[in-house]
Amino acid sequence: MTSFGKMLRNLRTTQGLSLAHLALQVHYSKGYLSNVERGKKPPTEDLARSCDQALNARGELIAAAHLDVVASTDTTPWQTAELIRRIQASDTTPGTLEGLHATVADLCCQYPYQDASDLRAEALRWLDQVCRLLRRPVGLHDHTELLVAAGWLALLIGCLEYDLGMRTAAEATRTAARQLGDEAGHSEIIAWTYEMSAWFALTQGRYADVVGAAQAGQAVDRAHGVHVQLIAQEAKARARIRDNLNLARDLERGHQVLNRLPTPGRVDNHFVVDPSKWNYYAMDAFRLAGDDEHAEEHARIVIAANTTPDGIVRAPMRIAESKLTLATIASRRGDLEEAFQLGMEALQGPRKSLPSLVMVAGELDSELHRRFPSEGQTADFHEALSALR
C-alpha cells in the first residue's frame with residue numbers, strides 16, 4: 001500500500017465514509033478508489049486534490065501523492081545497508097579513530113546546506129573506508145568506536161535519502177543504524193533512529209506512529225538533545241491532530257528539557273539541538289494550532305538566527321519552512337500577494353528536504369485554495385509545488 005493509499009483509507013474510515021460515499025463526492029468510481037487505496041493504481045493529481053478537499057486533509061493527501069511519485073524513482077534502496085552489513089561482519093579495526101570522528105562530525109555539519117546527493121555520496125565513501133579499517137586487527141574498544149562512527153554515518157545517510165524521496169533506502173538505512181547503535185551500546189544513536197522513524201511517520205500522515213516512536217525514543221536517551229527533538233516531533237503530530245492540550249504540555253516540557261541541557265559545541269551539526277532549532281519546531285506546532293502570533297514570532301527568530309549579517313543563509317531548509325509559515329499567516333490575513341511571494345521563495349531554496357517541504361507547502365497550497373480558489377497566483381503556486389521532484 002502506498003503512503004497516499006494508506007492515508008486515504010485512514011482518513012475515510014476515521015470519518016465514517018464508505019468507498020461508495022467518497023466516490024460520489026469526488027466523482028471517481030468506487031472500483032478505482034479501491035485500487036488506489038490498495039496501491040494498485042496511482043492517484044491522478046485531480047483525484048488527490050478532490051480527496052484532500054472532501055476529507056479536509058489540509059494538503060496532506062496532495063503531499064502524500066507527490067512523495068509516492070518521488071519514491072518510485074528510488075532504484076538502489078539497499079546500497080547503504082549492504083555496506084553496514086559488511087562492517088558488522090568484520091571483527092578487526094585500526095587504532096587511530098580521532099580523524100575519522102572529526103570527519104564524520106564535519107559531514108553532519110554540512111547537512112543543512114550541502115547538496116543532498118553530493119553529501120550522501122561523500123558519506124557513503126567514508127562508510128566504505130570504515131569497512132576497510134574494520135578488516136585490520138585491533139582491540140575491542142576501537143572496534144566499538146568504529147561502530148559508533150558508522151552509526152553516525154548511517155544516520156546522516158538515512159536522513160539524506162529521505163530528503164531525496166528515497167523512502168525505501170532511508171528506512172533500510174535507519175534500521176541498520178539502529179543495529180549499529182545496539183551493537184555499540186550507544187543510546188544516543190538508538191534514540192536518533194526513533195526520531196527518524198517519527199519524522200518519516202509525520203511526513204506520511206501516520207500521527208499515532210509519530211507519538212509512539214517519539215515516546216519510545218525519549219525512554220532510551222534523556223541526556224542529549226535528541227530527547228528534545230523527540231518531544232518536538234511528538235508536538236508536531238499533536239498539532240496536526242488538533243490535540244492542543246497535550247501540544248501545549250509538550251512545548252513547555254521540551255523547552256524545560258532544552259534549558260537543562262549543556263550548551264552544544266557545534267550547533268550546525270544536524271544531530272545537535274540548540275534553541276534556534278527548538279524555535280523551528282515550535283513554529284510548526286503553533287502554525288498548525290492556529291496560533292498565528294506565536295508562529296510568526298518563532299518564524300522570524302528562525303530566519304534571523306540562520307541568516308548572517310551580510311545575508312548569507314546558513315540553514316536554507318529551516319528558512320524555507322519559516323517562509324511557508326509566514327505565507328500561511330499572510331493567507332489567513334487575506335494577503336494573497338505576500339503569501340504567494342513567500343511561498344514561491346520557499347520552493348526555490350537551494351537545499352530541500354523534499355518530504356518536509358512538500359508537507360508544509362501542501363498545507364499552504366490547501367490554505368490558498370480554500371481562501372483564494374479562483375485566483376491565478378493560487379494556481380501558479382500549485383503548479384510550482386507539483387513541479388518539485
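First things first, this report covers the structure right here in the doc. All figures in this text were calculated on a predicted structure; none of them were measured in a lab.

So, how was this worked out
- Residues numbered from 1 in each chain as written.
- Predicted model: local features only at pLDDT ≥ 70, side-chain atom pairs only at ≥ 80, totals over all residues.
- Heavy atoms only, no water.
- Helix = DSSP H or I, 4+ residues; strand = E, 2+ residues; numbered from the N terminus.
- Rg over C-alpha atoms; globule rule 2.2 N^0.38 Å.
- Buried < 20%, exposed > 50% of the residue type's maximum accessible area, 1.4 Å probe, protein only.
- Contact = heavy atoms within 4.5 Å.
- Areas by Shrake-Rupley, 256 points an atom, 1.4 Å probe, with all protein chains shown as cover.
- Expected span 1.5 Å × (residues − 1).
- Arc of directions from axis to C-beta.
- Axes fitted to C-alpha atoms, helices over the stretch in contact; angles between N-to-C directions.
- Parallel < 35°, antiparallel > 145°, perpendicular 65-115°, else oblique.
- Nonpolar A, V, L, I, M, F, W, Y, C, P; charged D, E, K, R; others polar.
- Core = buried A, V, L, I, M, F, W, Y, C linked by side-chain atoms within 4.5 Å.
- Salt bridge = Lys/Arg side-chain N within 4 Å of Asp/Glu carboxyl O.
- Phe/Tyr/Trp six-rings, centres within 6.5 Å; stacked < 30°, edge-to-face > 60°.
- Lys NZ or Arg CZ within 6 Å of the ring centre and 35° of its normal.
- Polar contact = N/O pair within 3.5 Å; in protein donor to acceptor, adjacent residues only side chain to side chain.
- Left-handed = near helix turned anticlockwise from the far one by under 90°.

Side note on the overall build of the protein chain
Part 1 of the argument: When you go through the protein chain residue by residue, the secondary structure sums to 20 helices and zero strands.
Part 2 of the argument: Relative to a compact globule of 389 residues, whose C-alpha radius of gyration would be 21 Å, the protein chain shows 21 Å and is just as compact.
Part 3 of the argument: In terms of its C-alpha atoms, the protein chain occupies a principal-axis envelope of roughly 65 × 50 × 35 Å.
Part 4 of the argument: By the burial criterion, 59% of the 389 residues in the protein chain qualify as buried.
Part 5 of the argument: The contacts of the protein chain with a sequence gap of at least 6 include a subset with a gap of at least 24, amounting to 70%.
Part 6 of the argument: Taken as a whole, the protein chain presents about 16200 Å² of accessible surface, with 51% of it coming from carbon and sulfur.

Digging into helix 14 (residues 244–260)
Part 1 of the argument: Taking 1.5 Å per residue as the helical rise, helix 14 with its 17 residues ought to reach 24 Å, and the 25 Å between its terminal C-alpha atoms agrees with that figure.
Part 2 of the argument: Inspection of helix 14 places L247, D250, L251, G254, V257 and L258 among the buried residues, and these make up the whole buried set. Burial along helix 14 is one-sided: seen end-on, the buried residues are contained in an arc of 135 degrees. Those residues of helix 14 that are exposed and aimed more than 90 degrees away from the buried face are L245, R249, N259 and R260.
Part 3 of the argument: In the core, the buried residues of helix 14 are packed alongside helix 13 (225–240) and helix 15 (275–289).

Digging into the side chain of S322
Part 1 of the argument: Mapped onto the elements, S322 comes out in helix 17 (residues 316–332).
Part 2 of the argument: The class for S322 is buried, based on a relative accessible area of 0%.
Part 3 of the argument: If near-sequence neighbours (up to four positions away) are discounted, S322 is found in contact with M283, A299, V302 and I303.

Quick word on the packing of helix 9 (residues 140–163) against helix 11 (residues 187–203)
Part 1 of the argument: One way to put it is that helix 9 packs onto helix 11 with a least axis distance of 10 Å and a crossing angle of 10 degrees. As judged from the angle between their axes, helix 9 and helix 11 are roughly parallel. Of the residues in helix 11, those touching helix 9 at V148, G151, W152, L155, G158, C159, Y162 and D163 are E188, I189, W192, T193, M196, W199, F200 and T203.
Part 2 of the argument: Classifying every residue of the contact of helix 9 with helix 11 by side-chain character gives ten nonpolar, four polar and two charged.

Here we look at the nonpolar core
Part 1 of the argument: Core analysis: the largest hydrophobic core is formed by 103 residues, its most contacted members being L156 and F381.
Part 2 of the argument: Examining the composition of this core, we find that 14 residues originate from one element, helix 9, more than from any other.
Part 3 of the argument: Sequence-distant contacts of F381, that is, excluding residues within four places in its chain, are made with L324, F340, G343, M344, L347, A361, L364, D365 and L368.
Part 4 of the argument: If you look at the next biggest cluster of nonpolar residues, it comprises 19 residues, including L17, L19, A23 and V26.

Details of the pattern of salt bridges
Part 1 of the argument: Counting across every chain of the model gives 26 salt bridges.
Part 2 of the argument: Two residues, R120 and E161, come together in a salt bridge whose shortest N-O distance is 2.9 Å. Linking R120 in helix 8 (residues 116–133) with E161 in helix 9, this pair joins segments that are 41 residues apart in sequence.
Part 3 of the argument: Accessibility expressed as a relative area gives 10% for R120, which makes it buried.
Part 4 of the argument: Since its relative accessible area comes to 0%, E161 is described here as buried.

Points about the environment of K277
Part 1 of the argument: Looking at where K277 falls in the secondary structure, it is placed in helix 15.
Part 2 of the argument: For the pair formed by K277 and L24, sequence separation is 253 residues and the distance between their alpha carbons is 44 Å.

Some details on the packing of aromatic side chains
A ring pair, where both rings are aromatic, is described by two values, the distance of the centres and the angle of the planes.
Part 1 of the argument: Summed over the entire model, instances satisfying the criterion amount to seven aromatic pairs.
Part 2 of the argument: An angle of 70 degrees between the planes, with centres 5.0 Å apart, marks the rings of Y162 and W199 as edge-to-face. Taken as a pair, Y162 in helix 9 and W199 in helix 11 lie far apart in primary sequence, 37 residues in all.
Part 3 of the argument: Overall, the relative accessible area of 1% leaves Y162 in the buried class.
Part 4 of the argument: Under the relative-accessibility criterion, W199 is labelled buried at 9%.
Part 5 of the argument: What links up through ring pairs into an aromatic cluster is the set W152, W192 and F271.
Part 6 of the argument: The cationic tip of R351 hangs over the ring face of Y111; the distance from NZ or CZ to the ring centre is 4.7 Å.

Some thoughts on the side chain of N306
Part 1 of the argument: With respect to the secondary-structure elements, N306 resides in the loop between helix 16 (292–305) and helix 17.
Part 2 of the argument: Of note is the side chain of N306, whose polar atom sits 2.8 Å from the backbone oxygen of V302.
Part 3 of the argument: Discounting residues that sit within four places of it in the chain, N306 has contacts with S276, I312, V313, R314, A315, R318 and I319.

Section: the packing of helix 7 (residues 98–110) against helix 9
Part 1 of the argument: At a closest axis distance of 10 Å, the pairing of helix 7 and helix 9 adopts a crossing angle of 15 degrees. When the interaxial angle is binned, helix 7 and helix 9 end up roughly parallel. Once helix 7 is placed against helix 9, the crossing between them reads as left-handed. Mapping the contact onto sequence places L100, H101, V104, L107 and C108 in helix 7 and E145, L146, V148, A149, W152, L153 and L156 in helix 9.
Part 2 of the argument: Of the residues contributing to the contact of helix 7 with helix 9, the split by class is ten nonpolar, one polar and one charged.

Things to note about the environment of A23
Part 1 of the argument: Within the secondary structure, A23 sits in helix 2 (residues 19–26).
Part 2 of the argument: Judged by relative accessible area, which is 11%, A23 ranks as buried.
Part 3 of the argument: A C-alpha to C-alpha distance of 27 Å links A23 and A361, two positions 338 residues apart in sequence.
Part 4 of the argument: Setting aside anything within four residues of it in sequence, one finds A23 in contact with Y28, S29, K30 and L33.

Structural measurements only, silent on function.
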